[in-house]
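# Architecture at a glance
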Amino acid sequence: MPFQVLLAEDTEMNRMLVRILLTRMGFEVDEADNGQQAVEALARKRYDLVLMDCMMPVMDGYEATRILRAREAEAGQERVPVIALTASAIAGDRERCRQAGMDDYLSKPFQVDDFKAIVQRYLKTG
């Protein structure tokens, strides 16, 4: 069974690009265009990886990740890797992502090779 990836990203063009990359890597992709939709998707289904935009409408990726981590802890579940996708590259961003419970960080725009490497690191592929 292919790896299941949740992509939480509010920009359609970014979702399309990441979806193409992930499907070419052989993964199944579900999408959310805000943090609330991501939280709802994570309540319905177990994913192997979450790619989480930090700045989204309704609920940002930081809050969505904090909710996910609280649920996992409460249920005694294994942590799903969450990789932050953010256009912000200011000092302290990486630390803010880690404090929210994200496992790693990739700034946009990213290089395809960097994207593939970080995904493969967490999904133990390639």
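A brief structural summary. If you're wondering where the values come from, they're calculated on a predicted model, not measured in any experiment. (Residues numbered from 1 in each chain as written. Predicted model: local features only at pLDDT ≥ 70, side-chain atom pairs only at ≥ 80, totals over all residues. Heavy atoms only, no water.)

## Overview of the nonpolar core
What tends to happen in soluble globular proteins is that the nonpolar side chains get buried as a cluster. Rule in force here: For the purposes of this section, nonpolar cores are sets of buried Ala, Val, Leu, Ile, Met, Phe, Trp, Tyr and Cys residues that join through side-chain atoms within 4.5 Å. Relative accessibility thresholds used throughout: buried, under 20% of the residue-type maximum; exposed, over 50%; partly exposed, between the two (1.4 Å probe, protein chains only). Secondary structure elements follow DSSP: runs of H or I no shorter than four residues count as helices, runs of E no shorter than two count as strands, and numbering proceeds from the N terminus. Note on definitions: a residue-residue contact is assigned when non-hydrogen atoms from the two residues lie within 4.5 Å.
Ranked by internal contacts, the top residues of the largest apolar core, which has 23 residues, are Leu6, Val50, Met52, Cys97 and Met102. Counting only elements with at least two residues in this core, the list comes to β1 (4-8), α2 (35-44), β3 (49-53), α3 (61-75), β4 (82-86) and α4 (93-100). With four residues, the top contributor of residues to this core is α2. Excluding residues that lie within four positions of it along the chain, Cys97 makes contacts with Cys54, Tyr62, Ala84, Met102 and Tyr105. Val18, Leu51, Leu106 and Phe110 belong to the second-largest nonpolar core, a separate cluster that totals 17 residues.

## Side note on α4
Which entries qualify depends on this criterion: In this description, one arc is meant: the one made by directions from the helix axis to the C-beta atoms.
Every buried residue of α4 is accounted for by Asp93, Cys97 and Ala100. Down the axis, α4 shows its buried residues gathered within 65 degrees of arc, on one side only. On its buried side, α4 packs onto α3, β4 and β5 (104-107).

## Quick notes on a nonpolar patch on the surface
Inclusion rule: Patch membership requires more than 30% relative accessible area and the absence of a salt bridge. Residues of like charge join within 9 Å; the nonpolar side chains Val, Leu, Ile, Met, Phe, Trp and Tyr join within 5 Å. For accessible areas, the Shrake-Rupley method is used with a probe of radius 1.4 Å. Any residue's cover is judged against the shown protein chains and nothing else. Take a side-chain nitrogen of Lys or Arg and a carboxyl oxygen of Asp or Glu: if they are within 4 Å of each other, that pair is a salt bridge.
Judged by side-chain polarity, Met13, Met16 and Ile20 come together as a nonpolar surface patch covering roughly 270 Å² of accessible area. As for its placement among the helices and strands, Met16 is situated in helix α1 (residues 12-24). You can call Met16 partly exposed: its relative accessible area is 33%.

## Overview of α1
Owing to its 3.6 residues per turn, the α-helix brings residues three or four apart onto one side. Selection criterion: Under the convention used throughout, the expected extent of a helix is 1.5 Å for every residue step, that is, one less than its residue count.
Taking 1.5 Å per residue as the helical rise, α1 with its 13 residues ought to reach 18 Å, and the 18 Å between its terminal C-alpha atoms agrees with that figure. For α1, the full list of buried residues reads Arg15, Val18, Leu21 and Leu22. Angularly, the buried residues of α1 cover 135 degrees about the axis, an arc narrow enough to put them on a single face. Of the residues in α1, the exposed ones pointing more than 90 degrees away from the buried face are Met13 and Arg24.

## Overview of the pairing of β4
As a reminder of what qualifies: Should DSSP find at least two bridges between two strands, the strands are regarded as paired. Looking down the strands as they point away from you, a crossover is right-handed if its path from the first strand over the helix to the second goes clockwise.
Counting buried residues in β4 gives five out of five residues, a clear majority hidden from the surface. Here β4 shows two buried faces, one formed by Val82, Ala84 and Thr86 and the other by Ile83 and Leu85. Bridge count for β3 against β4 is four bridges, and the pairing is parallel. By the bridge assignment, Val50 is partnered in β4 with Val82. Between the parallel pair β3 and β4, the chain is carried across by α3, and the sense of this crossover is right-handed. Bridging between β4 and β5 involves four bridges; their strand directions are parallel. By the bridge assignment, Thr86 is partnered in β5 with Ser107.

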